[in-house]
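Analysis of the macromolecular model
If you want the building blocks of each chain, they are given just below.
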Amino acid sequence: MLKHIPALTLFILIGPVLAGLLGALLPAFGILPTLGGTEATVAYFAEVLTTPGVMRSSCISLLVGLLTTAISLSIVMTLIAGWQGTRFFKALQSLLSPLLSVPHAAAAFGLAFLIAPSGWLMRLFSPWATGLSRPPDWLIVNDPMALSMMAGLIAKEVPFLLLVALAALPQSDARQKANLASTLGYGPIAGFYKTTFPLVYRQIRLPVLAVLAYATSVVDVAIILGPTTPPPLSVRLLQWMNDPEITERFKASAGAQLQLCVTACALVVWLLSERVIRQFGFKSVVKGKRHFADETIRKTIALLAILSSAMVLAGIATLGIWSFAGFWRFPNALPNSFTLDIWARQGMGLETPMQNTLLIGITATLIAVTLTLACLEQEARSGKTATSRALLLLYVPLIVPQVSFLFGLEILALQLGGKAHITSVVLTHVIFVLPYAYLSLADPWRAWDKRYAAVAFGMGHGPNTVFWRVRVPMLLSAILTASAVGFAVSIGQYLATLLIGGGRFPTITTEAVALASGGDRRVIGVYALIQALLPFIGFGLALFVPAILYRNRRALKATA
Amino acid sequence: MLKTLFRATFAGLLALGTAYANDDKMSDPNPGDWPSVLEKANGQTVYWHAWGGEPRINDYIAWAGRQIKERHGVELVHVKVSDTGSVVSQVLAEKTAGTMSGGSVDLIWINGENFAAMKRESLLLSQSWANALPNFQFVDVTGKPTVINDFTVPTDGLEAPWGMAQLVFYYDTAITKQVPVSMVSLLEWAQSNPGRFSYPQPPDYVGSTFLKQALYELVEDPTVLQKPLEDADFKTVTQPLFSYLDDLHPHMWRKARAFPQNTASLRQLVADGELEIGFAFNPAAASNAIENNELPDTVRSFVLEEGTIGNTHFVAIPFNANAKAGAMVLADFLMSPEAQLRKQDPTVWGDPTVLDVTKTPAKERVAFDKLDLGIATLKPSELGIVLPEPHPSWMVELEKAWLSRYGV
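Residues numbered from 1 in each chain as written. Chains lettered and ligands numbered in written order. Predicted model: local features only at pLDDT ≥ 70, side-chain atom pairs only at ≥ 80, totals over all residues.

**Let's talk about the overall build of chain B**
Helix and strand content of chain B: 14 helices and eleven strands. In terms of overall size, chain B behaves like a compact globule, its C-alpha atoms giving a radius of gyration of 23 Å where 408 residues would be expected to give roughly 22 Å. Principal-axis analysis of the C-alpha atoms places the extent of chain B at approximately 90 × 45 × 35 Å. Every one of the 408 residues in chain B was classed for burial, and the buried ones make up 55%. A separation of at least 24 residues holds for 81% of the contacts in chain B among residues at least 6 apart in sequence. (Helix = DSSP H or I, 4+ residues; strand = E, 2+ residues; numbered from the N terminus. Rg over C-alpha atoms; globule rule 2.2 N^0.38 Å. Buried ≥ 20, exposed ≤ 12 C-beta atoms within 10 Å, placed from the backbone. Contact = placed C-beta atoms within 7 Å.)

What follows is the structure in structure tokens.
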């Protein structure tokens, strides 16, 4: 049984993605019999490509993806280079890691409420500093250059990349290399980039590519912060999918293929840039320039990191204030009055979405973590570690743009189940939860000292006893953290819940986005706040449960 | 004893009959035989896909759900959607997948081009059910012709009227002293108040309505708008509109390089003081927003001299709905004088009734007359001329033309 689990897991991950891609591929070529589409044609591709502004939309998606990823990666790497091992770095790390669990949509709303010309920042500084009693007519949010959208994405991707990079550091002997480089007279940043970076980057390459793919095809952040004239490609795709003019579905399918191309294009550009940078890197290593005067860069990068996390936190605080606000006239720094009305009124409506969120999130997490454990255990017993190719497969659902395959999957789910069922929603969530759960658990699992197992075997216990009585309890903290990560991922799912659930299973996230179309900042505040708080509860449990269970096991506390 | 036995047998037969009726998916409920519809509906769950962006409306829908649960044993689930177009897509996806019965959508809040599309693609319950509902007798078919002509497309009883809408503008009297009363004066106003006017970005519903509103005033002969587009030359007819927009845009908010995405964000921008003029498709919108702390209580409404566009919104049943009887019971309840009265109350929602108030029973008639429409709501007599919606084909082309000119 256990032997087949890795194959089954890959099937659960890859099967729906392939089926979904196929489901959208046929209509793209005009084949969708119920709509009278029986003959293959490329007319819809022509239609997509001649749609006004579609090239600009594609370019926005491409550039947002590349720039967001490049900037986030540079911030993270330079931060580690300049500050690793310092107390400031520890502090920053604990500031950044909670941001990881804040769903993208909530962070984006917070940011929008903060930086808009009538946002909280402006209110805090008006009129005493700015002299303004009316908001200025500045194009900040939804700007055509997508700057605010990129800022929102960077603020969310920095904590993510930092986490994966930190996990990769110990295998790169970063500390020794840093010491060596500094005795040779290199500044900390140059030293890091010349010695450690290539090793770290090699390990975090897949997550970086996932970030790149995500940023080229993101929907919710693009709707909230992105440009609108024209919007990024993914948003236009969604508009075509939702168009009442039914033949637009063909166009949407063809558009889904274009989105695939854009994401693929971004990946190719990235991979080519890797080579170019490699060449530069070699040259610069050979040249041996020391770059020891890097104090300004160190300070700038620290400032940037603080700024990006402070923005998200202040954004969440803004959401909180709005959720209790009465009328709030510009430029008052605080609402004219506070009220519990919104919470009271939303309270009733929250019950079902909350139940669905928990049900879907917990079930999907349980399935994903169980499969992950089974895969890892099979790996341990057979002695065969997952090849890098298998690992690549794990990233498929994170790299293939969601919008491109979920529409095809929607048709598939309907054909299998007759009508939307919560099981299909849960399984779709598993596709996205599993990779994260796996990635978060694999390293601590493999790092576990196998001599514990040897001792247990020596006492005459079988592999099952070793698994349940030794390995799982010792790695409980890691397992719970992986579950919390998975749960957070599930909570953030918008498209998957909406399309596959046929709207029948409202969750906090789908409700938040639906209510966002109503634009009432108070209501958005309530939902985004809950959306941001739920993952915190998950992470809190992951911290506290082992702490309580193992309060009398000092050595186990360190594994957290 | 015998009587009890008889009763038990009868109840058993009835239960059998009900079970049979529930199983019988082939025959659609017949609203002409209302008791049989009620019987079928009992115990059904109705999934109503309705725009969920407005908490007030969501509350009203929840109230309607409690009423039909209590009275007819029908369970209502409000599926909150952000875009009705996606529901059309969903029904279509089900048709694509071959789900001809037991579909996931039982009722849709709909009008205009979405209705036109569903009607054209035969995605709606094909019988003329809406006109046969008991409460349809109170509907004001003569005074409010749009209750049976949805954007000039005859409803043919495929959708039941739910509420009336009219484009109404509002402004904050504490900030703005003078407001424009026509599209031409709006341009002058924008020139002297740069950056303080905007409209929701088409294809947002109200944004597109703003385009149609402007078109009405600027077009040479508004009657061409009542006919399908193919009868007219789009370019010539709309030329005045687009040259007007070319003039207006440089004076608009963000120089028209960004737009609010819907009426709610438009309202938020007015509340923030970024914009000075807002508008909505509901005469009570401003009063509602004041009530809800979303706008200051100094806000008042106004309409344009030559009239503003008005229409009706409806509920419709998809061809493959699972709970057709339940959906009919709900649609009928929504049309009832009682539900319509509550809907028009601005502290609840403030959506104008589709009924002819004089036809309604005495109790509701009096209550309708007494209804306080709210501090910023114009009286029915002040609402001015109601302009009819153009044929949906105009909206589609207008949106396309707008998009290629300004949206990219």
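Now, onward.
**Some words on the overall build of chain A**
Assigned secondary structure in chain A consists of 26 helices and zero strands. Its C-alpha atoms give chain A a radius of gyration of 25 Å, near enough to 24 Å, the size a compact globule of 560 residues would have. The burial tally for chain A puts 51% of its 560 residues in the buried class. Counting only contacts in chain A whose residues sit at least 6 apart along the sequence, the fraction spanning at least 24 positions is 80%.

**So, the interface of chain B and chain A**
Contact with chain B, which involves 56 residues of that partner, is made by 52 residues of chain A. Breaking the side of chain B that touches chain A down by element, the ones donating at least two residues are strand S1 (45-51), helix H3 (55-72), strand S2 (75-81), helix H4 (84-96), helix H5 (112-120), helix H9 (263-272) and helix H14 (392-406) of chain B. Looking at the side of chain B that touches chain A, its residues break down into 18 nonpolar, 24 polar and 14 charged. (Nonpolar A, V, L, I, M, F, W, Y, C, P; charged D, E, K, R; others polar.)

**Details of the packing of helix H3 (residues 54-83) of chain A against helix H10 (residues 197-217) of chain A**
Residues and elements named next belong to chain A. The interhelical angle for the contact between H3 and H10, taken along N-to-C directions, is 145 degrees, at an axis separation of 9 Å. The two elements H3 and H10 cross, and the hand of that crossing is right-handed. In this structure, H3 uses Ser-61, Leu-62, Val-64, Gly-65, Thr-68, Thr-69, Ser-72, Leu-73 and Met-77 to contact H10, whose residues at the interface are Phe-197, Val-208, Val-211, Leu-212, Ala-215, Thr-216 and Ser-217. For the contact of H3 with H10, a count of residues per class yields nine nonpolar, seven polar and no charged. (Axes fitted to C-alpha atoms, helices over the stretch in contact; angles between N-to-C directions. Left-handed = near helix turned anticlockwise from the far one by under 90°.)

**Quick look at the sheet that holds strand S8 (residues 277-280) of chain B**
Residues and elements named next belong to chain B. Strand order in the open sheet formed by three strands is S8-S7-S9, with antiparallel pairing between adjacent strands. Every interior strand has two partners, whereas the edge strands, S8 and strand S9 (299-302), have only one. Strand-to-strand, the axes of this sheet are offset by a mean angle of 30 degrees, without reference to chain direction. Alignment of strand S7 (residues 168-172) against S8, held across four bridges, turns out to be antiparallel. Across the sheet, residue Tyr-171 finds its bridge partner in S8, namely Ile-277. (Pairing = 2+ DSSP bridges.)

**Digging into the confidence of the model for chain B**
Residue and element names in this part refer to chain B. Predicted confidence across chain B gives a mean pLDDT of 89, with 94% of residues reaching 70 or more. Taken element by element, chain B is modelled with least confidence in helix H1 (residues 2-23), mean pLDDT 44, and with most confidence in helix H11 (residues 324-335), mean pLDDT 97. In the model, residues 1-25 has pLDDT below 50 throughout and makes five contacts with residues more than four positions away in sequence or in other chains. As scored by the predictor, the complex reaches a pTM of 0.84 and an ipTM of 0.81. (pLDDT = per-residue confidence, 0-100.)

**Digging into unusual backbone geometry**
As a rule of thumb, non-glycine residues mostly have phi less than zero, and peptide bonds are mostly trans rather than cis. Of note, the amide linkage connecting A:Ser126 to A:Pro127 takes the cis form, showing an omega dihedral of -10 degrees. Within the secondary structure, A:Pro127 sits in the loop between helix H6 (120-125) and helix H7 (147-168). Residue B:Pro203 follows B:Pro202 across a cis peptide bond; omega there is 10 degrees. Backbone geometry places B:Ser122, a non-glycine residue, at a positive phi of 55 degrees. Residue position: B:Ser122 is located in the loop between H5 and strand S4 (149-150).

**Observations concerning helix H12 (residues 233-241) of chain A**
Most of H12(A) sits out of view: eight of its nine residues are buried. By the burial criterion, the buried members of H12(A) are A:Leu233, A:Ser234, A:Val235, A:Arg236, A:Leu237, A:Leu238, A:Trp240 and A:Met241.

**A word on the nonpolar core**
One finds A:Leu111, B:Val315, B:Leu330 and B:Ala331 to be the most contacted residues of the largest nonpolar core, which totals 279 residues. The dominant element in this core, judged by the number of residues it contributes, is helix H19 (residues 422-447) of chain A, at 15 residues. In contact with B:Val315, other than residues within four places in its own chain, are B:Leu107, B:Ile108, B:Trp109, B:Ile110, B:Glu159, B:Ala160, B:Trp162, B:Ala331 and B:Leu334. (Core = buried A, V, L, I, M, F, W, Y, C linked by C-beta atoms within 7 Å.)

**As for the environment of A:Gln171**
All names here are of chain A. Residue position: Gln-171 is located in the loop between H7 and helix H8 (174-183). Residue classification places Gln-171 among the partly exposed residues on the basis of 13 C-beta atoms within 10 Å. Taking the C-alpha atoms as reference points, Gln-171 and Gln-203, 32 residues apart in sequence, are found 9.2 Å from one another.

**What to know about the confidence of the model for chain A**
Considering every residue of chain A, the mean pLDDT works out to 88; 96% of them sit at 70 or more. When the elements of chain A are averaged for pLDDT, helix H26 (residues 554-557) of chain A gives the smallest value, 70, and H3(A) the largest, 95.

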